[in-house]
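This is what each chain is made of:
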Amino acid sequence: MYLNQFLIFSAILFCIGVYGVLVRKNGVLVLMSIELILNAVNINLVAFGTFHGQAAGQVFALFVIAVAAAEVGVGLAIVLLIYRNRRSIDVSEADLLKG
Amino acid sequence: MFLAAAEAASETPWIFENIWIVPAIPALSFLLIIAIGKRLPMKGSEIGLASIAAVFALSMFATYTWVDQIGFTGGHSEESAEGDTGDAEYSETESLGGGVQSVVLDTPGFAAAEGDESSEEKTESKPVPNACFADEDTGDSDDAEYGDDVDSADKDAESQSSDETDSGTEASAGIQTVSLTNPSGSSVYAASDGYETRGEAIITDTCWFKTGADSSTASGISVGTLVDGQSIMMLFVVSIISGLVHIYSTDYVNGDRRYTHYFAFLSLFTAAMLFMVLSSSTLQLIVGWELVGVCSFGLIGHWWEEKPNSDAALKAFLTNRVGDIGLLIGMIVLYFGAERTFDIAEINRQAVAGEINQLHLSVAALCLMTAIMSKSGQFVLHTWLPDAMAGPTPVSALIHAATMVVAGVYMIGRLYPVFWEGFMMPGTNLNAMAFIGGLTTVGGGLLAFVQRDIKKVLAYSTVSQLGYMVLALGMGAYTAGMFHLFTHAFFKACLFLGAGSVSHACHHSFDMKSDMGGLRKYMPKTFWTFMIGTGALMGIPPLAGFWSKDEILVGAQVWPGTSSEKPGAFVDDGEGFWLAATGGGDGTFTIPFIFGCITAALTAAYMTRVIMLTFFGEYRGGGAHDDHGHDDAHDTHAAADHDDAHDTHDAHGHDDAHGHGGLPHESGSRITIPLMILAFMASVVGFLNMPSGFVKALGLPEGWAHRFEDWVEPVGTGQFPAIDHAKPSLSLAVFATGLGLISILVVRGYYMKLFAKDPMATEYTDGLASKFPPLRALHNVLENKYYLDHLYSGVIAGGTTGPLARAAYWVNQNILDGIINTVGKTGVLLGRFIYRFFDQGVVDGAVNSSGQAAGLSGQFLRGVQSGQVRNYATLMFGATALIVAVFMFAV
Amino acid sequence: MTEFLNEWGITIMVFLPLLGVAAMMLIPKEAEGSHKAIALGTALVTGGFGAWLLTKFDDLSVEELAALNETGNVPLYESRQWIPTIKASFDVAIDGMSLPLIALTLLVTPLVIIYSLNHIPKPGNAKMFLILMLVLHTGMLGTFVAQDLVLFFVFFEVVLLPMYFMIGVWGGPDRLYASIKFFLYTLFGSALMLVSFLALFAQTGQETFNLVGLAEAVASGDIPLGTQVLIFGGMFMGFGIKVPMFPFHTWLPDAHTQAPTQGSVILAAVLLKLGTYGFIRIALPILPDAAVEWAPWIGGLAVIGIIYGALGCLAQTDMKRLIAFSSVAHMGYVMLGIATLTDFGINAAIFGMVAHGLITGMLFFIAGSIKDRYHTLEIKRLGGLLVQAPRLGWILGLCTMASLGLPGLAGFWGEFPAILAAYQPAEPLSEELFRVYMVIAAIGTVLAAAYLLWLLQRTAFGTPSDEFKDDPEIVDVKLTEWISWVPLLILILVLGFVPGLIFDITDSSAVEALKNIGVK
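Residues numbered from 1 in each chain as written. Chains lettered and ligands numbered in written order. Predicted model: local features only at pLDDT ≥ 70, side-chain atom pairs only at ≥ 80, totals over all residues.

**Side note on the overall build of chain B**
Stage number 1. Secondary structure assignment for chain B yields 35 helices and five strands.
Stage number 2. Here chain B, with 891 residues, has 58% of them falling under the buried criterion.
Stage number 3. Once local pairs closer than 6 in sequence are excluded, the contacts in chain B between residues at least 24 apart make up 81%. (Helix = DSSP H or I, 4+ residues; strand = E, 2+ residues; numbered from the N terminus. Buried ≥ 20, exposed ≤ 12 C-beta atoms within 10 Å, placed from the backbone. Contact = placed C-beta atoms within 7 Å.)

In structure tokens, the structure reads:
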């Protein structure tokens, strides 16, 4: 097994995630894309951890999964609130920060 | 020696040490009048009168003391040495004064003074002590610090002042009195090498302020009084004329709406003038110079409700301000040229001793000349003076004839070494001052011809006479110039006050052609005093003007026999040395001399015209004014566009005084008495400076000769240039008087013929042309005595009074005045242009556009702030990727 | 007690006005009377205490004071720790250069408050107005006593804010524009100034912001001349804008025209002097060599300002704007004096500052009073002031005379010595160039006379127009006006005849400030 394969896989996953975050208008899909990015990072962490023979990588991945769970919770709550206020979960309509 | 000096110094007359009181009195009076004047029964004039009386008394006392010190009558004869003083210590002075004439000074002339050989005098002359650094005894410890590092010369001065203190003179608050030389002759200027001194200045000064602490550029500026012949002379003139004008004004300005202010300003003027006259430093001179200017401004604009009056006031002030550029710069150049001092005595000493380099002197003299041209109405900057006649007439007499306008001449005298050395054109004896004066005197005289307004004639006459004084000083005839200043003050004040009296009678008009004529019948006192004043101005012997004018002509040393023969030395030809002084003697001053002669003729001619139009013929003002009394005279006149915006009174001084319809009447005694006093002075003051040859010829005591010169011109003080004295000439006197008489006769003939035809006429209405039918030509030629009368009166006199003078006036009004007006307008336009386009456009525009630039860039950047989180994220990713790329590839 | 005052006197003087502010904060704003009483009382107590403090002046320069302070407390010098982490200390002192300006501040503020007693400008709110005034008072006093760059900077900025509010809240119709312009312009200068201060700190490496210490460090150190010139440039921007010097002056007419009378008076009398004071207190003594490099340019801008300000005045139609422009010209003389780098010039500059403060302050007072009566300052519509309010008219006459530099009044001693000093500037400077400046400056005196007399003629002389002929509001000088004006008028007269009152105080400090000029 080569490290490269994991890294390439993780990079592809990351790019798909970035693409989803930047392009999709549906709030839920954006959240899911973020999950993809995080998981790409997790793969990297685990791969490097194994490669160097250290447990730290696994531990970090576990952390990230835990934080991601919380993040999704908060994210979904926000999406829900956006939906309640605007009857839509189209993130491109949420531009209250416009200068 | 120091003991003697101390003794002598301790005997400096009280009045000279405390002469500051004299200007202080009217200054106090000014404040009092402003504060409480309005509430007093006489509206404040009583304070003014009381103060001027005190000033008069003190000035007379000071004059007496000075004259007494020089020698009252006994300067030149033995028997007069005693009797008048009784003060033993002054007898020394008198005998000394007596000795003056016998001394032959081998003072180098101006040629030597600017040249190579330095005489003993130079090595002997010591710096005048400075009040700021010399008061070790009286100052506090800080001052002692300054005393430590002054040079030896200053130490000398210190010890001198300490001696004074030891011998019991006052030592209050750093005030020092320095008699630069002293009556016994044992002075720092050393009488040992045969010099005699006379008329040395007595300086009482105190430190005004210091700058430079103890650094190398330290300088102390002192303030105080300088008493010498010249300032005493001026003190005398100012206090007399100011006093008479005060009295005159109580009637003339009576009932004016700003009577109190008028007297307040008179007091302020008197104070400022005296302050200037007595100043011991040039800086103080500047202060006084400008203060009199501001009083002049206030008094010209006394009736400021009318725009022409305030315009005239502004013009006067601004023209003087232009000259003041020269004053400021000139004094600054002198300050540095004389090693950082403003002391008049010290500057003079250095100029005489040749310690100031020629370039400094020339530049300073040139700059100061600008100031003189404006203040003393010299050519090209004189145009304000005739306009200044918009002020009340007594003010014209006091300020614009007798005192303030001679300030320029006074300053030339005050800094005579500077001007004398500074104006020497390199390599020649020419003195530019003489030419400026010459041009002015003729130019002013010509202009006086075409005026309708009696005050304007007198104003141009003043310009002309001031030119005469400058001419004299330029030729080195110091005493003659000063003497003319002295006599002119009296007769010109007399004439102005006389003109005021005339206008008082003629509905406050000054228009000779429409409102006067034949007045000698109605106001004999005014007529006779005016005649005396006119005679003096024309130079009719034995009135005052004759003596002073004659001396000026003599001073040119052009007329055969007047030359001092031996330039650079006093002439002693057995008859005592002669009057006027000069550096000429080789025909240098031919052109100024000719100018002087022309003016003598011109003066006589235009004054005759004034007399004829005003006092002879028939009264022309009556017809137009028969229907109204004096009360509404002013209104009618203002409406009747007579170019006489002046003297517009609210209420009239003499509502009760007309039982005779519109006919003029003699003025009250408060007006005629000052006139008589001035007329008296105008007839006698000339005798103060008679040539000794004349005195001998009349068999008078020799001591009566050239008293004025002895009193005013310093000798051997080291602060006065070496000038040579010319010899007066009887033939020149006859010639000059003859010139005047011929002019009088010609002009008088012209008017007599005119009045014979029509007493109401003021000029010929039918010219020569209408009398030229070919057939009667021969007859007419004979009848008109070959037209010589017409030639003389019509062509020469008429030509002069007509086209020539008119052209000169046109140039004056249109070109010179036009330039001033254009410059003013251009200034405003330029200011407006710069303000609108440059200031508001470019400079402010740059500021505003930087603000706008910030706004615009903000507009652009706010597009980035879309509010779309995804856009932010895109930017973030993009930027991160960019940074990573940069780091990967660059590092 | 003496010991205590030696140690705390200046600090007490500077912060006394804040005590009044604290008291006023506690009182509701409806109680205008008590606000006025407290404000006036505070200003008077500060003035009295300050005056007493100033009598301790013993002709010692800051250097001498600092040296004496090593051995024990001396009056007029205080030094204590302030912010040790950035090496800033609370060093304050009073010497000959700052004394006249402190005295001016102590005098003018109470007078302005007296004037405010019945002249609170619209929209009212005496409480805030007077509080701002007192804060301003502290700021101005603090700037003049500060001996530490950081402290100086803080006080310099403290002054800014109250003035911004004064113009912005109580000003004329265009007040927002004017106040923003004033604030931003000055802030821009201060920013560059601060950079210079920090650069100076870094370059000397002496770990001190103390002025005396910095001057010594620069003198003994070897900072390249180019760097010094750059640092001076930053200070020049900061101080020059405040003065204001020629190309940076455009905030001034707007600020003056829009500011309420009291604001204009304080602005003209004291605030402008912060700039010139900065030059002689900080820029010249610390960076003498750079000053020599800059002097010809400063002198040039100064004389341009003299002529330019005068021409600007000639074009004005508004009285207040005219007076504001005249400040540009007058401060030109002050800067010319400074640019000569001679003792005479610096003395003249300080005199000029005080004289300009008194005279122009007075002129703004008069303009304010005319505005109160006529509700306009358009010169064309005025006229005949002497008929309707003769005393006011004569006071205007006196002040214009003083302003045009009439000898015998205070204005002359700021102008003439500055012109004189330009004849022979300090050793390294070009005499020819400065003589040209001298002549131009002298010509400026004529223009000054022209626009001021023109102003006087059109406002005071003549007869009133029909519009105002029978206006009952046009009355002569009122009591509060008398009380607030008489001290200024008396000083204008007294200083005119006894210039030594200021010259003798400033002289030794001025010489001290210049001791390093041209040494290298």
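**Describing the overall build of chain C**
Stage number 1. Broken down by element type, chain C carries 20 helices and two strands.
Stage number 2. In summary, chain C has a C-alpha radius of gyration of 22 Å against a globular reference of 24 Å for 520 residues, a match within 12%.
Stage number 3. Along the three orthogonal principal directions, the C-alpha set of chain C runs to about 70 × 60 × 40 Å.
Stage number 4. In chain C, which comprises 520 residues, the proportion classed as buried is 65%.
Stage number 5. In chain C, once contacts between residues fewer than 6 apart in sequence are set aside, the share between residues at least 24 apart is 80%. (Rg over C-alpha atoms; globule rule 2.2 N^0.38 Å.)

**What about unusual backbone geometry?**
All names here are of chain C.
Stage number 1. Along the chain, Lys122 connects to Pro123 via a cis peptide bond; the corresponding omega equals 0°.
Stage number 2. Residue Val243 is joined to Pro244 through a cis peptide bond whose omega torsion reads -5°.
Stage number 3. Mapped onto the fold, Pro244 is located in the loop between helix 9 (225–242) and helix 10 (251–258).
Stage number 4. Non-glycine residue Asn125 carries a positive phi angle of around 65°.
Stage number 5. If you trace the backbone, Asn125 turns up in the loop between helix 4 (99–116) and helix 5 (126–145).
Stage number 6. What makes Asn125 partly exposed here is the crowd of 16 C-beta atoms within 10 Å.

**Quick notes on the interface of chain B and chain C**
Stage number 1. In this assembly, 42 residues from chain B lie in contact with 41 residues from chain C.
Stage number 2. Breaking the side of chain B that touches chain C down by element, the ones donating at least two residues are strand 2 (202–211), helix 12 (282–300), helix 13 (307–337) and helix 34 (788–862) of chain B.
Stage number 3. Broken down by element, the residue count for the side of chain B that touches chain C peaks at 14 residues, all from helix 13 of chain B.

**Focus on helix 35 (residues 869–890) of chain B**
Stage number 1. With 22 residues, helix 35 of chain B extends 31 Å between its outermost C-alpha atoms, agreeing within 8% with the 32 Å of an ideal straight helix rising 1.5 Å per residue.
Stage number 2. Within helix 35 of chain B, only zero of the 22 residues are buried, which leaves it mostly out in the open. (Expected span 1.5 Å × (residues − 1).)

**A few points about the confidence of the model for chain B**
Residue and element names in this part refer to chain B.
Stage number 1. Summarising the model, chain B shows a mean pLDDT of 71, and 68% of its residues fall at 70 or more.
Stage number 2. Note on residues 73–123: pLDDT under 50 across the span, and 95 contacts to partners over four residues away in sequence or across chains.
Stage number 3. A low-confidence stretch, residues 566–585 (pLDDT under 50), is modelled with 94 contacts involving residues beyond four sequence positions or located in other chains. (pLDDT = per-residue confidence, 0-100.)

**Topic: the nonpolar core**
Stage number 1. With 452 residues, the main nonpolar core has Ala493 and Ala682 of chain B together with Ala291, Ala441 and Tyr451 of chain C as its most contacted residues.
Stage number 2. When residues in this core are grouped by element, the largest group, 19 residues, is from helix 14 (residues 343–374) of chain C.
Stage number 3. Residues from two domains meet in this core; each of domain 1 (79–226) and domain 2 (433–624 + 669–765) of chain B gives at least three.
Stage number 4. Beyond its immediate sequence surroundings of up to four residues, Ala493 of chain B is in contact with Ile241, Ala397, Ala401, Ala402 and Leu678 of chain B. (Core = buried A, V, L, I, M, F, W, Y, C linked by C-beta atoms within 7 Å. Domains from an automatic or database assignment.)

**Some remarks on the environment of Ile82 of chain A**
Residues and elements named next belong to chain A.
Stage number 1. As for its position among the elements, Ile82 is in helix 3 (residues 56–86).
Stage number 2. Separated by 11 residues in sequence, Ile82 and Glu93 place their C-alpha atoms 9.7 Å apart.
Stage number 3. With near-sequence residues (within four places) excluded, Ile82 lies in contact with Gly27, Ile89 and Ala94.

**Considerations on the packing of helix 8 (residues 211–220) of chain C against helix 11 (residues 261–286) of chain C**
Residue and element names in this part refer to chain C.
Stage number 1. It is the contact of helix 8 with helix 11, at a shortest axis distance of 9 Å, that shows an interaxial angle of 25°. Here helix 8 lies roughly parallel to helix 11, going by the angle between them. Contacts between helix 8 and helix 11 involve Leu211, Leu214, Ala215 and Val218 from the former and Ile282, Pro285 and Ile286 from the latter.
Stage number 2. Its residues placed into classes, the contact of helix 8 with helix 11 shows seven nonpolar, no polar and no charged. (Axes fitted to C-alpha atoms, helices over the stretch in contact; angles between N-to-C directions. Parallel < 35°, antiparallel > 145°, perpendicular 65-115°, else oblique. Nonpolar A, V, L, I, M, F, W, Y, C, P; charged D, E, K, R; others polar.)

**Some points on the pairing of strand 2 (residues 88–93) of chain C**
Stage number 1. In terms of burial, strand 2 of chain C is largely enclosed, as five of its six residues are buried.
Stage number 2. In this structure, the hairpin formed by strand 1 (residues 77–83) of chain C and strand 2 of chain C is closed by a connection of four residues, where Lys87 of chain C is found at a positive phi of approximately 65°. (Pairing = 2+ DSSP bridges.)

**Remarks on helix 14 (residues 344–353) of chain B**
Residues and elements named next belong to chain B.
Stage number 1. Summarising burial for helix 14: 10 of the 10 residues are buried, a large majority.
Stage number 2. Within helix 14, burial applies to Ile344, Ala345, Glu346, Ile347, Asn348, Arg349, Gln350, Ala351, Val352 and Ala353.
Stage number 3. With its phi angle positive at about 75°, Gly354 sits one or two positions after the end of helix 14.

**Overview of the confidence of the model for chain C**
Stage number 1. Confidence in the prediction of chain C, expressed as mean pLDDT, is 88, and 100% of residues score 70 or more.
Stage number 2. Complex prediction metrics read pTM 0.78 and ipTM 0.90.

**Focus on the environment of Ser61 of chain C**
Residue and element names in this part refer to chain C.
Stage number 1. With respect to the secondary-structure elements, Ser61 resides in the loop between helix 2 (32–54) and helix 3 (62–69).
Stage number 2. With 22 C-beta atoms counted inside 10 Å, the residue Ser61 sits in the buried group.
Stage number 3. Placed 13 residues apart in sequence, Ser61 and Val74 show a C-alpha to C-alpha distance of 12 Å.
Stage number 4. Beyond its immediate chain neighbours, meaning those up to four positions away, Ser61 contacts Asp95, Gly96, Ser508, Ser509 and Glu512.

**Notes on the pairing of strand 2 of chain B**
Residues and elements named next belong to chain B.
Stage number 1. Strand 2 sits mainly inside the fold: nine of its 10 residues count as buried.
Stage number 2. Relative to strand 3 (residues 219–227), strand 2 is paired through nine bridges, and the arrangement is antiparallel. Paired with Ile202 across the two strands is Val227, which belongs to strand 3.

**A closer look at the packing of helix 6 (residues 149–170) of chain C against helix 11 of chain C**
All names here are of chain C.
Stage number 1. Where helix 6 meets helix 11, the closest approach of the two axes is 12 Å, and the angle between their N-to-C directions is 160°. The angle between helix 6 and helix 11 places the two elements in the roughly antiparallel class. Of the two possible hands of crossing, helix 6 and helix 11 adopt the one that is left-handed. When helix 6 is examined against helix 11, the residues Phe152, Phe156, Val159, Met163, Met166 and Ile167 are found in contact with a partner set consisting of Gly263, Leu267, Leu271, Leu274 and Ile282.
Stage number 2. Tallied by class, residues from the contact of helix 6 with helix 11 come to 10 nonpolar, one polar and no charged. (Left-handed = near helix turned anticlockwise from the far one by under 90°.)

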